[in-house]
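# Coordinates in review
In case you want the letters, here they are:
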Amino acid sequence: MTRREAREELFKWIFQTEIQGNSMEEAFEYSSLREEIEKDEVTKLFLERYRKGLTEHREELEKNIQAAMTDWDFPRIGYVEKSLLKLATYEIYFEDLPVEIIVNEAVEIAKIYGDVKTHEFINGVLAKVIKMKQ
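Remember, it's a predicted structure, so these values are computed and weren't measured experimentally.

## Things to note about the overall build of the protein chain
- Helices and strands together make up the secondary structure of the protein chain, namely 8 helices and 0 strands.
- Along its sequence from the N terminus, the protein chain presents helices and strands in the succession α-α-α-α-α-α-α-α.
- For 134 residues, the compact-globule estimate of 2.2 N^0.38 gives 14 Å, and the protein chain sits close to it at 14 Å.
- Over its C-alpha atoms, taken along the principal directions, the protein chain stretches across nearly 45 × 30 × 30 Å.
- Taken across its 134 residues, the protein chain has 45% of its residues classed as buried.
- Long-range contacts, defined here as pairs at least 24 residues apart, represent 69% of the contacts in the protein chain between residues at least 6 apart.
- Side-chain charges of the protein chain comprise 20 positive and 28 negative groups, with the mean position of each set lying 3 Å from the other.

Below, the structure written as structure tokens:
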């Protein structure tokens, strides 16, 4: 499984937790890719690290996202947007990756799952998140 596929799977898990209110562990249990993930130790460790980090830092992530948004309230944005912003903000703050890659991945996933302008919204909010972190 590529990193992009793993991120897309994480996005789906976060999305599921947003809609159904379940945990990331439960999202993994219901994953259609569970067997494939279990067989790929590198992907399994990657997803486990992110799952733990996203769960542990959930409140901090939401606070940082809210601070980066103007004229929007985090609870009122769509599930796709919440999920992508949580994933990308986690990576910006807690993973050692170039921000260009993080933003590009989030924007590409937004183009697949979001509305017409979702990718622009994601790009704008992430630009502010990056600025706030510096």
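## A look at the confidence of the model for the protein chain
- Looking at the protein chain, the pLDDT average stands at 91 and 100% of residues meet or exceed 70.
- Least confident of the elements in the protein chain is helix H2 (residues 24-29), whose mean pLDDT is 81; most confident is helix H6 (residues 79-94), at 96.

## Things to note about the side chain of Lys86
- Along the chain, Lys86 falls in helix H6.
- In contact with Lys86, other than residues within four places in its own chain, are Ile14, Glu18, Leu54, Arg58, Leu61, Glu62, Ile65 and Phe74.

## A closer look at the nonpolar core
- Of all hydrophobic cores here, the largest spans 38 residues; its most connected members are Leu10, Trp13, Leu54, Leu85, Ile122, Val125 and Leu126.
- Per-element tally for this core: the top contributor is H6, with 7 residues.
- Not counting the four nearest positions on each side in its chain, Leu10 is found in contact with Met24, Phe46, Leu47, Tyr50, Arg51, Leu54 and Leu87.

## Considerations on empty space enclosed by the protein
- Per the stated rule, a full pass over the model turns up 1 cavity of 30 Å³ or more.
- There is about 40 Å³ of room inside the largest cavity.
- Taken together, Arg7, Leu84, Leu87, Ala88, Glu91, Ile102, Glu105, Ala106 and Ile109 form the lining of the largest cavity.
- Where the lining of the largest cavity is concerned, the elements lending two or more residues are H6 and helix H7 (99-113).

## With respect to the layout of surface pockets
- Considering only enclosed or pocket space, the largest pocket measures out at about 200 Å³ in volume.
- Surrounding the largest pocket, Ile14, Thr17, Glu18, Asn22, Ser23, Met24, Glu25, Leu54, Thr55, Arg58, Leu61 and Lys86 form its lining.
- Broken down by secondary-structure element, the contributors of at least two residues to the lining of the largest pocket are helix H1 (3-20), H2, helix H4 (41-56) and helix H5 (58-68).
- If one sorts the elements of the lining of the largest pocket by residue count, H1 sits on top with 3 residues.
- Residue composition of the lining of the largest pocket, by class: 4 nonpolar, 4 polar and 4 charged.
- Of the voids in this model, the second largest pocket is the one considered here, and its volume is about 150 Å³.
- As for the second largest pocket, its lining consists of Trp72, Ile77, Gly78, Tyr79, Val80, Glu81, Gly114, Asp115, Lys117, Thr118 and Phe121.
- Among the secondary structure elements, those contributing two or more residues to the lining of the second largest pocket are H6 and helix H8 (118-133).
- When residues in the lining of the second largest pocket are grouped by element, the largest group, 3 residues, is from H6.

Definitions and limits used
Residues numbered from 1 in each chain as written. Predicted model: local features only at pLDDT ≥ 70, side-chain atom pairs only at ≥ 80, totals over all residues. Heavy atoms only, no water. Helix = DSSP H or I, 4+ residues; strand = E, 2+ residues; numbered from the N terminus. Rg over C-alpha atoms; globule rule 2.2 N^0.38 Å. Buried < 20%, exposed > 50% of the residue type's maximum accessible area, 1.4 Å probe, protein only. Contact = heavy atoms within 4.5 Å. Lys, Arg positive; Asp, Glu negative; His and termini not counted. Charge placed at Lys NZ, Arg CZ, Asp CG, Glu CD. pLDDT = per-residue confidence, 0-100. Core = buried A, V, L, I, M, F, W, Y, C linked by side-chain atoms within 4.5 Å. 1 Å grid on protein atoms, 1.4 Å probe; cavity = no way out; pocket = protein on both sides within 12 Å on 5 of 7 lines; lining within 4 Å. Points joined across faces, edges and corners; volume = space filled by probe spheres on them. Nonpolar A, V, L, I, M, F, W, Y, C, P; charged D, E, K, R; others polar.

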